[in-house]
Each structure stands twice: as structure tokens, then as C-alpha cells.
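Given next are the chains, with one letter for each unit.
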Amino acid sequence: MSDIVYTRTDESPLLASYSLFPILQAFLRAGGIEITQADIGLAARIIAAFNDKLPPDLRVSDDLEMLRNLTQKKRANIIKLPNISASLPQLNAAIAELRAKGYDLPPYPSEPKTPEEKDAAARYAKVLGSAVNPVLREGNSDRRCVGAVKRYARENPYKITPFEKDSKTEVAYMKGGDFYSSERSISFETDENLRVEFISKSGEKRVLKENLAVEKGDIIDASFMSASKLDAFIKERIADAKAKNLLFSVHLKASMMKVSDPVIFGHFVKNFFAEVFEEFKGELKSVNVSENNGLKDLFARILNLPQATQEKIKAKFDEIYAKRPNLAMVNSAAGVTNLHVPSDVIIDASMPAMIKNGGKMWDKEGIARETKAVIPDKTYAVVYEAAIEDIKANGALDPAKIGSVSNVGLMAKKAEEYGSHDKTFVISEAGEARVLNAKDEILFKFELEKGDIFRMTQVKDIAVRNWVELALKRAKITGQKAIFWLDENRAHDREILKKVRAQLASAGTGGLDIEILSPAVACKKSLEIMRRGEDCISVTGNVLRDYLTDLFPILELETSAKMLSIVPLLEGGSIFETGAGGSAPRLAEQLLEQNHLSWDSLGEFLALGASLEQLAGFKQSPEAQILADALNAAVECYLKENKVPRFEALQLDTRTSHFYIALYWASELAASGTQLGDKFKLVAQNLAQNESAIVTEINAAQGRKVDIGGYYKPDDKKASAVMRPSATFNQILQNQILQNQIL
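This one's a predicted model, so the numbers in the text were calculated from it and none came from an experiment.

Definitions and limits used
- Residues numbered from 1 in each chain as written.
- Predicted model: local features only at pLDDT ≥ 70, side-chain atom pairs only at ≥ 80, totals over all residues.
- Heavy atoms only, no water.
- Phe/Tyr/Trp six-rings, centres within 6.5 Å; stacked < 30°, edge-to-face > 60°.
- Helix = DSSP H or I, 4+ residues; strand = E, 2+ residues; numbered from the N terminus.
- Buried < 20%, exposed > 50% of the residue type's maximum accessible area, 1.4 Å probe, protein only.
- Pairing = 2+ DSSP bridges.
- Axes fitted to C-alpha atoms, helices over the stretch in contact; angles between N-to-C directions.
- Salt bridge = Lys/Arg side-chain N within 4 Å of Asp/Glu carboxyl O.
- Polar contact = N/O pair within 3.5 Å; in protein donor to acceptor, adjacent residues only side chain to side chain.
- Contact = heavy atoms within 4.5 Å.
- Core = buried A, V, L, I, M, F, W, Y, C linked by side-chain atoms within 4.5 Å.
- 1 Å grid on protein atoms, 1.4 Å probe; cavity = no way out; pocket = protein on both sides within 12 Å on 5 of 7 lines; lining within 4 Å.
- Points joined across faces, edges and corners; volume = space filled by probe spheres on them.
- Nonpolar A, V, L, I, M, F, W, Y, C, P; charged D, E, K, R; others polar.

Asks: Outline the packing of aromatic side chains, listing residues and values.
Replies: For the structure shown, the criterion picks out 23 aromatic pairs. Arranged with centres 6.4 Å apart and planes meeting at 40 degrees, the rings of Phe-317 and Tyr-321 form a pair that is tilted. Placement of the pair is Phe-317 and Tyr-321 together in helix α14 (residues 307-323), with a separation of four residues, close to one helical turn. A relative accessible area of 1% means that Phe-317 is categorised as buried.

Written out as C-alpha cells, the structure reads:
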């Protein structure tokens, strides 16, 4: 096992790695530290799923499985970059690219019938959606803003747009028929083995899930969303947006919640464009259109219809656009609406962006307009509603003055993995769903109609206990107020609250400021603390962890990519997660079009610093600590000198920022007065002397289209050449490696 495992993922983080990873190797090798890559990108995971079907020369190691095993090791040290949580359109695009490269993979079977199709569907199911994080996150989350980043943010505040005084922007959610209103939850006093059955109106019984093992102390939830009530809600909200002259937008998490949310997204597509799906039902079916895949897929598929039919369908769309409310746009210039691609609708990125933009999104003309933000399930919609109410009442936050809201998130052992796993089902006919134990005792039962979405989730007792311990630890270290975001009126949270209160009582919280509030109240309380310039800790479940670690950092720093995210693993090691990947596709596209990448690797720098600090403790390695201290100082200089990438082409980009972190890191090492630092004196000198030449070489490469040999599986030689355009910089690094080998 290498000292540090650095993940190879997708899109912008992958492209940045072609530039950054050689730097990391060169520096760490000088300290006798081995860092290797593990490929958990979408393409690699697809190939690994079919290794037994491919010739030996096309097979890959199953690095996700390797990392799963590594998380059980006491000294696990993993740096995890953002990866694609694949929607079905993304999966199909990746499959098509791999097939074009000679991988004999089966197409994704949307309706598997044969044994071969069912086998392929089962393999692809392990790749769809949030397939990586639940596997690796064998610990809870500790996510916070480090001092250097906070100082930079206050000294260089971004411009936040205030809400207009009479802003009509609002959040809309269901008042019944959603997951929140139907949820039931139970804690187990003994080990059990459960199964889920469905009995149709005609009496036919089917087992939906069996051998669901639960242990003493575990929590199991079940709930459903009514398809008919969802449809009625959507129709009402469309009409209301039109009446109020608001943009219409839907906010879901189709990537993480890979079973439930694409289906919910499909309801929005089908209701907004109802006339298309009614009038052209047969034609759309003939080319396998699914509303769940969005408009982009629909428009691609109708190209297989006769030209006259295509024109009729497009004319009907134009007719609908004219009479419905304006849709919010993902890309106004390209005509990409909020309903084009399910994976474009990522609530934790889209809602904070709207809020910091004065409650506005963009229309088809690229004009910012007030918006109706539709979030069907009430559970966490109230958080965004509360944030908007607070900002309307108290004014925009001032990034130069506000404090921080860090997060301790419950996620170990796949806690609260809603809608993205093998316990979520779209009901094909009316009937009753039952959850039973081995004694055939019914724990839950639900009367369901065709199209309803039924889901269950599980939380392990050990995960909850560790989560509370981590929250108390952070509260003690920081002295900050810790708020548990839990709702007494929600079935799941009531079960969690029993455990939390019992553990807080037994642990003793003397001298700590601990409070338990409902999510909406907790949101407003946290904003109040931030406005005073103070910090607090949000202690939340898994989904809220995902949402809040974007919401507050985006309001505070303009991006969540600048946060330090540590997952202390239950077995003793750690995963160090880097910045959020919501902008990764857009930035990758800019590289392909303009050879300019503006991905900020600050998250990777912070993660590596923390990773080296852990390694120093595990190995009793002074070299690791020296490298960590020098890197942390280099990051401070990187921010102070404002060497972060710019979005505009022909300016400082990711590759230039990597040069500067290398320059500052080498300089700090050279000045450290250590034996290790002496190894960097020459490289620091050479980097400083050649700064102008290196920056010129990198900038000269910009402004033109580039070919990296693939989007999901780039050609390594081509991508490396694009991301390492400075011959001078490359030679200095190579000389450093050769020097270390000699020494």
C-alpha cells in the first residue's frame, strides 16, 4: 500500500490532475513518500464492471473495490477528488465513447427482458448515480473553512447581489403526498432480517427486497411520494409561476438520488410539455423517448423520425413555450433549459447560486429574473425557504464580515442514502407495499398507486454514535456553538433525536454550547450567527450535509471548492475530500474549446496538507510534517498573491496556478533550514528565475480548441501534453526527480 492514494476521477478534476499530480510526485518523492493514483472515474468503473467480458488487454483494475478495502485499514490515507455521479444520459454517453474506442460493451437496456440484458442492467446499476461515495465513506464528515481561506475571502470579498425590496422569488414544495408527510421510522431492539413485499390489487405478491439485515440500534425508514399528487402540484406551480411572471425552475439531485429524482424530473418534463407527450405519444415511443432523460435526449432521439414529424413536434414545443411561464436556463446562449438534462439540476449547487444572485436565474435571453424554485419534497425545501426569508428580511450577507458555518455530517455506513440504492422502487401498479421481519410481522405498510415512488433507508447505530462524538469533538476544539438540525415533526428525525439526546446526556456537555433546532429554524439561527461575524457548526444528516456544505460556503466564499473536507474513517484512517464538482463539466468544456481551464485546485492543496499531517503522525515522519508545513505556508502565499485561476481565457489558469503552488512550496521548503529543504534550493531558484518564461509558455497555448482523445476516457498522452504545455517547467520537475534518485 502506498503512503497516499490520490484518486483519478472525471472532467475538470481529472484534467487538473494531469498537471498537478506530477508536481506532487516530484515533491513527495524527495521526502521518501509514495503517492499513487486510483482510477474511480466513470469510464474506469464501467470497464471494471465488465472486466470478465473483455479481452485481457482492455481490462482495468477495480480501483473502487481496492479503495473500499483500504477504508477498512487503520492507516488509510486517501485523497478523493469529485467524480461524476452518472445520470442515465451521462452513462449512455460514456458507454458510446467506450464502444467507439473498441470496448465491446452492451448498450444500457432501458427495459431488460433477456438474461443478458438483465445482467447488463445489474452491472450498470452499480455505476449509476452516487455509486462511489457510499462505498468509500466509511466515516462521518468534518467539513470546514481553514484560516488562510477565510482571511483571503474577507480581504477579497466577492460581490453578492442583494434581493430587490419587493422580490417575488419563492420556494414551492408539496403540502402533502410527499416523502416528508408519509415517512415512518423505527429503531430496532434486536438484530432482524427484513424483506419488502408488494401485493397488487389483484392479489399477486412480489418480493421487492429480501435479506435486509439490520442490527440492534439501527434505524429503518420507509416513505413514498404520490405520483398523482406530484402531478397536481406541478400543474398548480406552473400556473402560479405564469400568473406571477416568475421563471419556473425545478431543483432536485438526480445524480445522488439516482432512482427517485430522475423519475420526479420526468414528471416535470411531461407536465410542462404535456401536449407534446399526448399528441405524439406513439412517435416518441417508437424512438424510445423517456421523459426522465430530459429534453436534450428527446431532441436527439426525434432526429430518427421523419422530417415532417420532427417539425410538428418542434412547432408544438414553440407553442408551449409561448403560453407557459419562462423556463430558467442552464445555458441561455446554447438554449439549454432547466429541463434539458436531469444531472444539470443539482439542487445543492443551483439554489445557493440563485440566492447569492439576488434570488434570480437566467431566462432564454440571458436576463436575470426572479424565480419560482420548485422543490417537491418538503423535507429540506424549508431550509432554502428560510434562507430566502432571512435574506429578504435582513439584507444580503457581507462576505468581508460574515463568519463560517462548518458541518459535521452523518454519512458513515451509507447513512440516509435516500432514493439512490436498491431500496427505492417506482411502483408499476396499484397495491400495498409491506416491510416485514422474519416472523412475518408487518412493520410498515403503504397503500400505493401506479407511478408512486417508494423508498427506504437505513442508519447504523455505530454511525450515529460516531457522528455525535465527532460533533462534540469539534465543539470542544473550536469553542463554537454546535446546532443539531433535527425536526421533531419528522418520523426519521424523532428516532435520531432519541439517540442524540441519550448520548449527549451520558457524554456530558458542560462548557459546550449545544442546541437542537428544526432545519428551518437552524438555518435562520446560523445566518444570524454568521452576520455577527461568528462561527458555528451545523450537525446534520447525510442529505443536509450535502446541501449545507454548498449553501453556506457559496454564500461565504462564492464556491464550496475552497473547503477542507475530512472523513475520519471508523477504522482509524481518513479520506480527504477536495472541492465540489458542480462546475466541472462547464470548465472542462471551456478547456476543449479554448484550451483554458479555470478549475481551482485549492481543495486538492488543502487535502494534501491534511493528508501529510496525518501521515506524519502515523509514520512518525518528520519529512511528511515538513512538507505539510511548507505546503500550508505556500497555500497562504498562493491566496495572498491571488494566483487563483481566472475564468476568462488568455489569463492565469489552472496550469499557471499549479506552477505558482510549486514555486511557493519549493521556496518554503528551501527556507525551512532542514535537510529535506536543502533538496529544494535549486528547484526553488530555477522556478523563480524562469517564472516569466513558464507563464508565457502556458499562456501561449491558450485560445484554441484542443483534442484530448475523449471526454470520459481521455488519451493520457494527449491530455498530458495539453495540461503540461511548459517545457521549461516540465524539465525543472524532471531534474528534481533525477536529483532525488541520485541522492
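The rest of the description comes next.
Asks: For the sheet that holds strand β18 (residues 442-448), give the residues involved together with the corresponding values.
Replies: Spatially, the four strands line up as an open sheet ordered β8-β7-β17-β18, and their pairing is antiparallel. Strands with a single pairing partner mark the edges of an open sheet, and in this sheet they are β8 (205-214) and β18. In this sheet, adjacent strand axes meet at a mean angle of 15 degrees when their direction is disregarded. Where strand β17 (residues 431-436) lies against β18, six bridges are found, and the strand directions are antiparallel. Paired with Ala-433 across the strands is Phe-446, a residue of β18.

Asks: Report on the pairing of β8, specifying residues and quantitative values.
Replies: The pairing of strand β7 (residues 192-200) with β8 spans seven bridges and is classified as antiparallel. Paired with Asn-193 across the two strands is Ala-213, which belongs to β8. Following β7, the chain reverses through four residues before pairing antiparallel with β8; Gly-203 in that reversal takes a positive phi of roughly 100 degrees.

Asks: Got a sec to walk through the pattern of salt bridges? Specific residues and values, please.
Replies: The final tally for this structure, using the stated rule, is 57 salt bridges. Among the ionic pairs, Arg-195 bridges to Glu-197, the shortest N-O distance being 2.7 Å. Here Glu-197 falls in the buried class, since its relative accessible area comes to 5%. Here Asp-707 makes a salt bridge to Lys-718, at a shortest N to O gap of 3.2 Å. Of this pair, Asp-707 sits in the loop between α27 (691-700) and α28 (716-723) while Lys-718 sits in helix α28, placing them eleven residues apart in sequence. Salt bridges sharing common partners tie together Glu-170, Glu-236, Arg-237, Asp-240, Lys-244 and Lys-372.

Asks: Could you give me a rundown of unusual backbone geometry, with the residues and numbers involved?
Replies: Backbone geometry at Glu-558 places phi at a positive 80 degrees, although glycine is not the residue there. Within the secondary structure, Glu-558 is located in the loop between α20 (542-557) and β23 (564-568). Assessed through its relative accessible area of 42%, Glu-558 is described here as partly exposed. One non-glycine residue, Asn-642, adopts positive backbone phi at about 55 degrees. Examined against the element boundaries, Asn-642 turns out to sit in the loop between α23 (622-640) and α24 (654-670).

Asks: Can you tell me about the side chain of Thr-371, naming the residues and giving the values?
Replies: With respect to the secondary-structure elements, Thr-371 resides in strand β14 (residues 368-374). A polar contact is formed between the side chain of Thr-371 and the backbone nitrogen of Met-361, at a distance of 3.3 Å. Only 3.0 Å separates the side chain of Thr-371 from the backbone oxygen of Arg-369, close enough to count as a polar contact. Non-local contacts of Thr-371, meaning those with residues more than four positions away in its chain, are made with Thr-169, Glu-170, Leu-246, Leu-247, Ser-249, Met-354, Gly-359, Lys-360 and Met-361.

Asks: I'd like a description of the pairing of strand β19 (residues 453-459), backed by residues and values.
Replies: If a strand is regular, its side chains alternate between the two faces of the sheet. Summarising burial for β19: seven of the seven residues are buried, a large majority. The alternating pattern of β19 places Ile-453, Arg-455, Thr-457 and Val-459 and Phe-454, Met-456 and Gln-458 on opposite faces, both of which are buried. Two elements, strand β9 (residues 219-225) and β19, share seven bridges in a ladder whose sense is antiparallel. Bridge pairing links Ala-222 to Met-456 in β19. Two elements, strand β16 (residues 424-426) and β19, share three bridges in a ladder whose sense is antiparallel. What sits directly across from Thr-424, in β19, is Arg-455.

Asks: So what's going on with the nonpolar core? Which residues, and what values?
Replies: By size, the foremost hydrophobic cluster in this structure holds 67 residues, and its most contacted members are Phe-27, Trp-665 and Leu-687. The biggest single contributor to this core is α24, with ten residues. Setting aside its immediate chain neighbours within four residues, Phe-27 contacts Leu-627, Ala-662, Trp-665, Ala-666, Leu-669, Phe-680 and Leu-733. With 42 residues, the next largest nonpolar core counts Ala-328, Tyr-380, Val-382 and Ile-529 among its residues.

Asks: Got a sec to walk through the environment of Thr-549? Specific residues and values, please.
Replies: Position of Thr-549 relative to the elements: it lies in helix α20. Distance in space between the C-alpha atoms of Thr-549 and Ser-720 is 32 Å, their sequence separation being 171 residues. With near-sequence residues (within four places) excluded, Thr-549 lies in contact with Arg-143, Asn-407, Leu-544 and Ser-560. A polar contact of 2.6 Å, which involves the side chain of Thr-549, links it to the backbone oxygen of Arg-545. For Thr-549, the side chain forms a polar contact with the main-chain oxygen of Asp-546, separated by 3.4 Å.

Asks: So what about the sheet that holds β16? Which residues, and what values?
Replies: Reading across from one edge, β6-β9-β19-β16 is the order of the four strands in this open sheet, with antiparallel pairing throughout. On the outer flanks of this sheet lie β6 (184-187) and β16, each paired with one strand and no other. With strand direction ignored, the average angle separating the axes of adjacent strands in the sheet is 10 degrees. Where helix α18 (residues 491-507) meets the sheet, its contacts fall on β6, β9 and β19, and the angle it forms with β6 comes to roughly 25 degrees.

Asks: Quick rundown of the side chain of Thr-656? Include the residues and the values.
Replies: Within the fold, Thr-656 resides in helix α24. Accessibility expressed as a relative area gives 1% for Thr-656, which makes it buried. Each residue touching Thr-656, except ones within four places of it in the same chain, is listed here: Val-695, Ile-698 and Asn-699.

Asks: Outline empty space enclosed by the protein, supporting the account with residue identities and numerical values.
Replies: A water-sized probe rolled over the atoms picks out the places where empty space is left. Following the criterion strictly, the structure yields four cavities of 30 Å³ or more and no others. Looking at the largest cavity, its volume works out to about 200 Å³. Taken together, 19 residues form the lining of the largest cavity, with Met-257, Asp-261, Ile-375, Asp-377 and Tyr-547 sitting closest to its centre. Every element with two or more residues in the lining of the largest cavity is listed here: α10 (260-272), α16 (378-394) and α20. Along the lines of polarity and charge, the residues of the lining of the largest cavity split into 13 nonpolar, two polar and four charged.

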